[in-house]
Each structure stands twice: as C-alpha cells, then as structure tokens.
Amino acid sequence: AVYSPSLPILYMEGGQFEKALGCFEKARQYGSDAGDEIFIEYQRNRILLRMRRPAEVLRWAREVPKRPDIPERHRDTARFQVRALVALDSLETARSVFAEIVAAKPLFGRAHLFPQDKLRAEIALAEGDPETAIAALLDIKRRGIIYTAGLWQIEWREALACAHSMAGRLDEAAAVHEKMLNDFRGHFISHYELGKIYEEMGRTAEAARQYEIFLEKWKDADEGLPQPEDARRRLAALTSS
C-alpha cells in the first residue's frame, strides 16, 4: 500500500507523541482562518486519541459546535465525541451521540458510511461484542469505500485484529498484524500487538522477537508510555523462563 504520512504521524509511529503535538503548534502559525484551525485540530485530536487522552478530545469536540467563528460545515465533531466517550467508557452517552449521527442527513453521499460503521465497530468492541464489530468493519470493505492507505486504513485493521482476538480467533488476529507490517512496515506498534498475540498462542520465541523489534524501534519514544513498559515486562518474563 502507498502511504505518505505527515510529519506528526511519523513521530507518532515511533512513539514520539510530544514531538507530534509540537508539529501542530508550529502549524498554527501558518493558518489564516478558522477553517485552517479546525483542520489542524482534527489531525491533532486523532493523535490525542491514540495517546489515550480522550478527556481532552471530548472537551474540544463539545466546544467546537458552539463557536460561531467556525464555518458550519466544520462544526461537526460528533465522531470525535463518540470515540472519546467510548475511550472513557461512557457507552450510554456514546450510543446516544452515535444515534444522532445515524439520523442526520448525510452531506457527501456514501462517504458518511465509513465513519459510521467504524464507530459502530468501536462501540461493539467496548461492549465485548466482537462479531458485531467484525460485521461493521466488513461492511466498510464490502461497500468499497475503505481507504487504501493512511491512518484510517491502519485503524480499520487494528480494530479488525482486536475483534478477531476478542473472539478467540488468534490466527486471524495475527494475520491482520502480519499483513499490516508487510504493507506499513513503519507501523511499529503492530510488533507489540503481534507479540501479545503470539504469546497467547504459545509461540513464545516469536513473541519475544516481536517485543525486541518493537523496543528497538521505539527506543526514542516518550518516557512513561505503557506499551514499552509492558513489552519490557513481557520480554523479561519470556527470556527468564
């Protein structure tokens, strides 16, 4: 797959989230209007979600629709609200906001179906319902509107792997991350996820190797991130037994 990530995404892929956020601070200097600002904030908040900082995303997403200086077409942050609410385990409210999204009149034909199905999958995963999640994710593929590259595709694959793993289909979950690393070799977090799947499958030597690769690739990652700490703990347990 062809993937031309932005500089913030490149930093994110190496676990350097603070540098990624710094890019957006610099980008604000070059914005000329509220439309530019909202575009920058959309990208910034996608990274905040991956940093597990959903409370900040929710505050932003709820504030934007109240701002008259932002063009109406850019005020729709409901998708961010749902994702943040799911991450905060506020599932009842997430389902309510999602119902409003589904009921709203779409602006761009079938393009709205991709994020709707993705949100449906995220809610289902949070509810422990992998089969509904897989059905929603495969609906995206069936309609032929799945993005061919980029962070959207990566997050689609991550959700699919998570659903397969939750359903106990570890071979299929592993296959998703294996293909991810074939197509997006710089998506290093997949080495960590693959290590956990291999470990659960009893493929301990392969799991250890994945953790080693991940830790090497994230050697310059921000301090205190949970994934490297967990990978080091798991690797130590595997190599000491």
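Below is a summary of the structure that appears in this document. Keep in mind that this is a model prediction, so the values were computed, not measured.

Structural notes on the overall build of the protein chain
So, step 1. Helices and strands together make up the secondary structure of the protein chain, namely 13 helices and zero strands.
So, step 2. Secondary structure of the protein chain in N-to-C order comes out as α-α-α-α-α-α-α-α-α-α-α-α-α.
So, step 3. Here the C-alpha radius of gyration of the protein chain, 19 Å, is about what a compact globule of 241 residues would show, namely 18 Å.
So, step 4. Taken over the C-alpha atoms alone, the protein chain extends approximately 60 × 40 × 35 Å along its principal axes.

Some points on the pattern of salt bridges
So, step 1. Under the criterion given, the structure shown has 26 salt bridges.
So, step 2. We note a salt bridge from Arg83 to Glu122, for which the minimum N-O separation is 3.2 Å. Here the residue Arg83 occupies a position in helix H5 (residues 78–87), and Glu122 occupies one in helix H7 (residues 113–126), the gap between them amounting to 39 residues.
So, step 3. Among the salt bridges present, the one from Glu122 reaches Lys118, with a minimum N-O distance of 2.7 Å. Of this pair, Glu122 and Lys118 both sit in helix H7, four residues apart, which is roughly one turn of that helix.

Topic: the nonpolar core
So, step 1. Core analysis: the largest hydrophobic core is formed by 58 residues, its most contacted members being Ile47, Val82 and Trp218.
So, step 2. Broken down by element, this core gets its largest block of residues, seven residues, from helix H3 (residues 34–50).
So, step 3. Judged by nonpolar contacts, the second largest core, of 14 residues, contains Ala133, Ala159, Ala163 and Val176.

A few points about the packing of aromatic side chains
So, step 1. Taken as a whole and assessed by the stated rule, the structure comprises seven aromatic pairs.
So, step 2. With 5.7 Å between their ring centres and 90° between their planes, Tyr42 and Trp60 make a pair best called edge-to-face. Linking Tyr42 in helix H3 with Trp60 in helix H4 (residues 54–63), this pair joins segments that are 18 residues apart in sequence. The burial state of Tyr42 is the same as that of Trp60; both residues are buried.
So, step 3. Ring geometry for Trp60 versus Phe80: centroids 5.1 Å apart, planes at 90°, classification edge-to-face. Residue Trp60 is found in helix H4, and its partner Phe80 is found in helix H5; the two are separated by 20 residues along the sequence.
So, step 4. Judged by relative accessible area, Trp60 falls into the buried class, the value being 13%.
So, step 5. Above the ring of Trp152, the side-chain terminus of Arg46 is found at 4.4 Å from the ring centroid.

Things to note about the environment of Gln116
So, step 1. Relative to the assigned elements, Gln116 resides in helix H7.
So, step 2. Residue Gln116 is classed as buried on the basis of its relative accessible area of 9%.
So, step 3. Those residues within four positions of Gln116 in sequence are excluded, and the remaining contacts are Phe98, Ile101 and Val102.

Comments concerning the side chain of Arg83
So, step 1. Residue class for Arg83 comes out buried when judged on its relative accessible area of 16%.
So, step 2. With sequence-adjacent residues up to four places away left out, Arg83 is seen in contact with Leu49, Leu119, Glu122 and Glu155.

Describing the side chain of Glu41
So, step 1. Note that Glu41 resides in helix H3.
So, step 2. At 2.2 Å, the side chain of Glu41 forms a polar contact with the side chain of Arg28.
So, step 3. Those residues in contact with Glu41 that lie beyond four places of it in its chain are Arg28 and Trp60.

The rules we used
- Residues numbered from 1 in each chain as written.
- Predicted model: local features only at pLDDT ≥ 70, side-chain atom pairs only at ≥ 80, totals over all residues.
- Heavy atoms only, no water.
- Helix = DSSP H or I, 4+ residues; strand = E, 2+ residues; numbered from the N terminus.
- Rg over C-alpha atoms; globule rule 2.2 N^0.38 Å.
- Salt bridge = Lys/Arg side-chain N within 4 Å of Asp/Glu carboxyl O.
- Core = buried A, V, L, I, M, F, W, Y, C linked by side-chain atoms within 4.5 Å.
- Buried < 20%, exposed > 50% of the residue type's maximum accessible area, 1.4 Å probe, protein only.
- Phe/Tyr/Trp six-rings, centres within 6.5 Å; stacked < 30°, edge-to-face > 60°.
- Lys NZ or Arg CZ within 6 Å of the ring centre and 35° of its normal.
- Contact = heavy atoms within 4.5 Å.
- Polar contact = N/O pair within 3.5 Å; in protein donor to acceptor, adjacent residues only side chain to side chain.

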